[in-house]
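A structural walkthrough
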There are 4 protein chains.
Amino acid sequence: MEISELSPEPKQSYPHEALVTWYSNVRKRTTDICRPLKTEDYVVQPAIFVSPAKWHLGHTSWFFEAFILEKSLPNYEAFYPSYAFVFNSYYNAMGSRVLRSDRGNLSRPTTHEVYQYRDHVDRHMKLLLEAVELSEELVDLLTIGLNHEQQHQELMLTDIKYILGSNPLLPAYDETTSLVHQTNFSSGFISIDEGVYAIGASGDGFAYDNEFGAHKVFLHQFEIAKSLVTNADYIEFIEAGGYENSDLWLDEGWSWVQENGYKAPIYWFKEEKNWFHYTLNGYIAVRPDDQLAHISYYEAAAFAEWKGMRLPTEFEWEVASSQLDWGTRWEWTNSAYLPYPGYVRPAGAVGEYNGKFMINQMVLRGASTASAEGHSRHTYRNFFHPDLRWQVTGIRLVKK
Amino acid sequence: MEISELSPEPKQSYPHEALVTWYSNVRKRTTDICRPLKTEDYVVQPAIFVSPAKWHLGHTSWFFEAFILEKSLPNYEAFYPSYAFVFNSYYNAMGSRVLRSDRGNLSRPTTHEVYQYRDHVDRHMKLLLEAVELSEELVDLLTIGLNHEQQHQELMLTDIKYILGSNPLLPAYDETTSLVHQTNFSSGFISIDEGVYAIGASGDGFAYDNEFGAHKVFLHQFEIAKSLVTNADYIEFIEAGGYENSDLWLDEGWSWVQENGYKAPIYWFKEEKNWFHYTLNGYIAVRPDDQLAHISYYEAAAFAEWKGMRLPTEFEWEVASSQLDWGTRWEWTNSAYLPYPGYVRPAGAVGEYNGKFMINQMVLRGASTASAEGHSRHTYRNFFHPDLRWQVTGIRLVKK
Amino acid sequence: MEISELSPEPKQSYPHEALVTWYSNVRKRTTDICRPLKTEDYVVQPAIFVSPAKWHLGHTSWFFEAFILEKSLPNYEAFYPSYAFVFNSYYNAMGSRVLRSDRGNLSRPTTHEVYQYRDHVDRHMKLLLEAVELSEELVDLLTIGLNHEQQHQELMLTDIKYILGSNPLLPAYDETTSLVHQTNFSSGFISIDEGVYAIGASGDGFAYDNEFGAHKVFLHQFEIAKSLVTNADYIEFIEAGGYENSDLWLDEGWSWVQENGYKAPIYWFKEEKNWFHYTLNGYIAVRPDDQLAHISYYEAAAFAEWKGMRLPTEFEWEVASSQLDWGTRWEWTNSAYLPYPGYVRPAGAVGEYNGKFMINQMVLRGASTASAEGHSRHTYRNFFHPDLRWQVTGIRLVKK
Amino acid sequence: MEISELSPEPKQSYPHEALVTWYSNVRKRTTDICRPLKTEDYVVQPAIFVSPAKWHLGHTSWFFEAFILEKSLPNYEAFYPSYAFVFNSYYNAMGSRVLRSDRGNLSRPTTHEVYQYRDHVDRHMKLLLEAVELSEELVDLLTIGLNHEQQHQELMLTDIKYILGSNPLLPAYDETTSLVHQTNFSSGFISIDEGVYAIGASGDGFAYDNEFGAHKVFLHQFEIAKSLVTNADYIEFIEAGGYENSDLWLDEGWSWVQENGYKAPIYWFKEEKNWFHYTLNGYIAVRPDDQLAHISYYEAAAFAEWKGMRLPTEFEWEVASSQLDWGTRWEWTNSAYLPYPGYVRPAGAVGEYNGKFMINQMVLRGASTASAEGHSRHTYRNFFHPDLRWQVTGIRLVKK
């Protein structure tokens, strides 16, 4: 997910100190995530949708440099002008850039140099944040920059998992971070009545532009599971021939299964009769009661079909969410990622765009074990193409 | 569009004669469409989304053979058993089939043999339709088969246009069939009030499975154009640099423009300062007042962005449709093709599936100059991938 | 093989009548080859290396129009100027052209129109040939044009076999033309002494530019088989696991086998324990004593390796040829297609080029059952990429 | 070039000490080459034909482990058994392996771990080499292993150049290593008489299997340049429109130019009217008198065509070589890489194979500035596909 965003309305004024602390804490978490990495782990890009940790570190710093420091800090000098070319992600308005597929081909700047770049940006950001007058616009940009960085923290964790998990040596990341060992607390279904409901962000607290355009939807009555599908549930689907039965799959999903020869979720391996998977703790047995993770929309939809149920729409999810156990898996919905009524693309490069990704992607709701604090509100809209499964995604069912 | 379908509820009983007439009329229109073709025009497949006319002729006949005659006509013998392999489109449940990309690689069966096959099927279908007892299920299958054939008639016309229009000699199809010479009758916008509205097919008359699951939606107030965008409007967009301005495009749309080097709609050519296009009448000047045709969703969305407006959702369109001029262009909506609440995939091969195409496609509403009679109801849902533009597609705008 | 050519030295003067007869005979054989075809068979192109018969008919006529009539027949008017674009094969100097991969996407000109085009060219060629003065250069161009057409006759036969042989209905071409029913007359090996030998065309009679640069080579003593490998020999190789043993294959050959899943020569099918193949007479049992046909260089090289032998070089073949039985299979040699010493690319478009294909192709010597009369001289150099196998190719072995 | 090899005849016995010194010197040069690298430079693979330095370090060590230590050192334990999977290059007989295209996707083993692996192998190799009895076979394998490592040293240098030279920051490798600053010492042409000449390795000293099969060839008289083409010569070709003139190019070369948009050799950039290029010393002006480097066979052949000359055959080169200045550029010949008469593929995995690469590659003769000592003999046959240009390749002309 590459997202930029504009909060639509004025923020309350922050004391300088609080801003500096907030900034420092968010920035620190990024480097904390990298602590267990070897230098080489910062560099590689085994799939187009993965970015090297080195790139994430540079890109999140470039964001503050390009959108804040160069415009608002007098006499600021870019750490190294060519970095704008290296670390721009997709902002056409900000000039040309390294092809996404080439991010893993760059040995330079080195990890050390990227850390120096971060330090340079951090020192100047603190100078700026301690200055007397912080305009509302600047606080807005800061807010966006920090939320942006937190989104990249989530991507870093899942990208690192992909990098280590596709290595034939299957090395562990560390012994304590487990993205997948969560079990359900609840069971059963809850019923939501037919009616007109309010959807979207109300303006209290930060939200991305794609959450605004608060509006009303009509929902028919529905029953939604309180808990998520477990590994045991999904193993049943596999053992029942789920990956061999074209009837269960969307047509493009079936092609995806056949062309890739998939037989199970990513990271899963069958040894004799038992299932194992790669986790950030290393290669271990699949725990039946854990919530299923790392499945594509195609797999989620096929599983639901097999169960005779369906996925919720994003609106059903949002309305029901206050009564659900959620927050550990991004949950695929059966809603395409499209603008809310009244959505307007923000102007300028920083707003380039949630809007421009609103095609061929499906909405996920909830939050995952990899999500940063504050990224788990009821209105949050995540989105990915239906074939992707390296995020910590799961399945919640609705009765037909 | 490859669609099979099940009408969800019993049809009234038809007299034999009416059925025979209906069957004959629909079947005849298919061969009428082919009349201007040379034998060679029946054979080629210049793009994966195009099928040769020969294949359409065979496939629509195979449908009646496979789903009706082989099951319901005692002692029926297939005209040539291998044809099932050649003319199956995508029904996994009906056995293996020629790859879609290979349809244009087949010189046999010849066009003449395919016509013989049609005659064989028609003779036996008439035998069946004149038999004493026609079960409700059979009438349902017949209804589907004839609607299916009418959908293929529309595809045949647009496929033929693509076949002739991508030939360097740009040969005309005939002198009377014009798919694109329609002008608007109305102008201005109409306003629809906020409220809860009924959507979907009610069960009177035939409808596809994807129209059922009649349900309610809440709509905010909106203003929708009575008329469609014209060639003159679109030329303005082109001349204003629409195809060079990344800000206007969805990200995947921009890649599509750049990779293909597109500068105008399909079939359009600029000679000095004037625009020409290929039509079924031949190569002629673009008429400014005609309704724009043959654009992709990407182009429709970029144009709307440039105008500071947006496309309607399929629900807005359906609610407003009784007050709009429509029926000459399929109109791109800003709704993804997804199931209605309560949608259930029909069982069995004949119901393979609207449902399985419900991903990565956008809904079109209305009907086009290529549509068969009876394919222009308010609830009809057409759908295509956002990059396709060989259908007679157009743009209707909604104010932001 | 797309070859143009210049005979390097003056031809003796021909009487007009002889030229007209020669021209007529060659042109007639082309249309004779097409006689068993249905109109649809003229159109399709199931592989990039295949051209539709319609294209061959047009291209060979265009050759006479573009290189002779337009330059030498006063007031000649092109039959239809756009045909130059449609029927140019690869002559950069003659203007732009239809992409090779699009030849099968063209329904127009129709077969009938192409025959009219041939008639138009033939009428004017006869006018020209009956005129008083025929320059030496013109006779040279005529000679080239007719040899060129004969090469296309061979390609037409093998392209037609590919078109019908890849159709799921496996239709026969006719009952009398068999390209593959030849048995060996000889057996054993002959020994050729070490020495310096003359290679290449001497200038008596027509030869392509790539045969000139007559020169000397030194050969070490070698022993070469008088006969060709048979189907029975090759079945032994298959049954011994030849297609599963990477040791026998060139590295790129092994990739080719694995990526395509090949297990046998093209057109071969195993039913239970017996081998069948598609021939121009239809689908029949493989005859063990027939000479093997339709194998790639990769397969030829792997078979030779398995036998503990090798393929001859083109020089060994040429020196030994007077003592060999040959003329039914093009025989893969272990020589790359490269210029002879002293080779000079002919100037002008007609000489575009044997020379430009002299990379990544292997030389074949001999002639095949599909070759036209006069295309089986000792110095003739045919050439194809090592993965191609739709020609009537075979294997002759040399002892290591 | 990935080559394994067998010297065809017994080596004289070496004293232990000499072997240890030889081994140590060769192994040390590999790590010397890596000294200027940052850790990140060891990891990336920006093109399929490039391998990461880390992989070269591991692969050359694995060679000694797999072919010598595991077979000949009693009780040897592999450093880490999975490394066999990671560091096998293409030896089918040695088990499965990481896809070549995935070498740059592996962050583990780390560079440090690979150096530990090298140390482990070196310690045990020294143990072995100091043991009492060294069989002739073992000395042969050692000889191959060291020559193999030297070939990888050359690849490492050119791979590193590619890695740094395709980085947008264009970082220098070091200040002293220049692969391209060589000028010619001679000028003019020498003439070689027609005659029968001996070709190939005689058996004195090490040679690869592909050099054996010493044999005789007949050469016609020819004149060959003593010096190599310079940058100034090649700039003339560029400025004369060499890259825009299809007449000069092989057909596949012309496609290569057009599809890639090439306008100059790799690493070259034009700024206004001046040419610059990336070298291992950094980004500098092209020196006109330096020998041209880094061109593909396609470019070499087009240049020769433009000069009205040709490339030498590998036989001409070998016969003339004692009178030429050579050793700084691998020189493209107009000979395809094919076996010499009498060539036999060595048995077993270590001999997998020069032979199996003998298709679709062209021979280069000479040696380059990147070549290790001892890799510049008159009979040495290097070979690459005609589109590759990251080696230090050059052009020597022969008169037509």
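All values reported here derive from a predicted model rather than from experimental measurement.

Across the contact, 39 residues belong to chain B and 38 residues belong to chain A. Between chain B and chain A the total buried area reaches about 3,100 Å² when both faces are included, carbon and sulfur atoms providing 52% of it. Where chain B packs against chain A, one counts 4 salt bridges. Here the side of chain B that touches chain A takes 4 residues from strand β3 (residues 215-219) of chain B, the largest share from any one element.

Turning next to the interface of chain D and chain C. Between chain D and chain C, the residue contacts involve 38 residues of the former and 39 residues of the latter. Here chain D packs against chain C, burying approximately 3,100 Å² in sum over the two surfaces, 52% of which is carbon and sulfur. Considering only the surface of chain D that becomes buried against chain C, Lys216, Arg345 and Ile359 of chain D emerge as the three largest contributors, covering 18% of it. For the pair chain D and chain C, the interface holds 4 salt bridges. The partner of Glu194 of chain C in a salt bridge is Lys216 of chain D, with the nearest N and O atoms 3.2 Å apart. On the surface where chain D and chain C come into contact, there are 10 residue pairs in polar contact (both at pLDDT 80 or more). Counting residues per element, the side of chain D that touches chain C draws most heavily on strand β3 (residues 215-219) of chain D, at 4 residues.

The two units chain A and chain C are non-contacting; their minimal C-alpha-C-alpha distance is 13 Å. Structurally, chain B and chain D remain out of contact, their C-alpha atoms never closer than 13 Å.

The next subject is the relation of the copies chain B and chain A. Between the two copies of the chain lies a relationship made up of a rotation around an axis and a movement along it. Of the transformation placing chain B onto chain A, the axial shift is 0.0 Å and the rotation is 180 degrees, giving an RMSD of 0.0 Å. Given the turn and translation reported, the copies of this chain are related as if by a two-fold rotation axis. Same-surface contact between copies: 97% of interface residues of chain B are shared with the interface of chain A.

With that settled, consider the side chain of His277 of chain A. Positionally, His277 of chain A belongs in strand β6 (residues 274-279). Every residue in contact with His277 of chain A, bar those within four places of it in the chain, is listed here: Val180, Tyr267, Trp268, Gly282, Tyr283, Ile284, Ala285 and Val286 of chain A.

This brings us to the packing of aromatic side chains. Applying the stated criterion across every chain, the model contains 142 aromatic pairs over all chains. A ring pair is formed by Phe269 of chain A and Tyr283 of chain A, whose centres lie 5.7 Å apart and whose planes are at 65 degrees; its orientation type is edge-to-face. Separated by 14 residues along the polypeptide, Phe269 of chain A in strand β5 (residues 268-271) and Tyr283 of chain A in strand β7 (residues 282-285) bring together distant segments of the chain. For Phe269 of chain A, a relative accessible area of 35% gives the class partly exposed. On the basis of relative accessibility, which here comes to 31%, the residue Tyr283 of chain A falls in the partly exposed class. Relative to Tyr83 of chain D, the ring of Tyr80 of chain D lies with its centre 4.9 Å away and its plane at 15 degrees, an arrangement referred to as stacked. Given the relative accessible area of 36%, Tyr80 of chain D is considered partly exposed. The buried category is assigned to Tyr83 of chain D, whose relative accessible area is 2%.

Glancing now at the nonpolar core. Residues Trp249 of chain A, Trp249 of chain B, Trp249 of chain C together with Trp249 of chain D are the most contacted members of the largest nonpolar core, which totals 437 residues. Leave out the neighbours within four places in its chain, and Trp249 of chain C touches Phe237, Gly242, Tyr243, Trp254, Trp256, Val257, Tyr298, Glu299 and Ala302 of chain C together with Arg345 and Lys356 of chain D.

All right, on to the pattern of salt bridges then. This model, assessed by the stated rule, comprises 76 salt bridges over all chains. Of the charged contacts in the structure, one is a salt bridge between Asp122 of chain C and Arg27 of chain C, with a shortest N-O distance of 2.7 Å. Taken together, the residues span a long stretch of sequence, with Asp122 of chain C in helix α4 (residues 111-129) and Arg27 of chain C in helix α1 (residues 16-34) at a distance of 95 residues. What emerges from the salt-bridge pattern is a single network uniting Arg27, Arg118, Asp122 and Glu149 of chain A.

Here we come to the packing of helix α6 (residues 231-239) of chain A against helix α8 (residues 297-307) of chain A. Residue and element names in this part refer to chain A. At a closest axis distance of 11 Å, the pairing of α6 and α8 adopts a crossing angle of 80 degrees. With respect to α8, the element α6 is oriented roughly perpendicular. Facing α6, whose interface residues are Asp233, Tyr234, Glu236 and Phe237, α8 presents Glu299, Ala302, Phe303 and Trp306. Residue composition of the contact of α6 with α8, grouped by class: 5 nonpolar, no polar and 3 charged.

The rules behind each value
Residues numbered from 1 in each chain as written. Chains lettered and ligands numbered in written order. Predicted model: local features only at pLDDT ≥ 70, side-chain atom pairs only at ≥ 80, totals over all residues. Heavy atoms only, no water. Contact = heavy atoms within 4.5 Å. Buried area = accessible area lost by both parts, 1.4 Å probe. Salt bridge = Lys/Arg side-chain N within 4 Å of Asp/Glu carboxyl O. Helix = DSSP H or I, 4+ residues; strand = E, 2+ residues; numbered from the N terminus. Polar contact = N/O pair within 3.5 Å; in protein donor to acceptor, adjacent residues only side chain to side chain. Least-squares fit on C-alpha atoms with pLDDT ≥ 70 in both. Phe/Tyr/Trp six-rings, centres within 6.5 Å; stacked < 30°, edge-to-face > 60°. Buried < 20%, exposed > 50% of the residue type's maximum accessible area, 1.4 Å probe, protein only. Core = buried A, V, L, I, M, F, W, Y, C linked by side-chain atoms within 4.5 Å. Axes fitted to C-alpha atoms, helices over the stretch in contact; angles between N-to-C directions. Parallel < 35°, antiparallel > 145°, perpendicular 65-115°, else oblique. Nonpolar A, V, L, I, M, F, W, Y, C, P; charged D, E, K, R; others polar.

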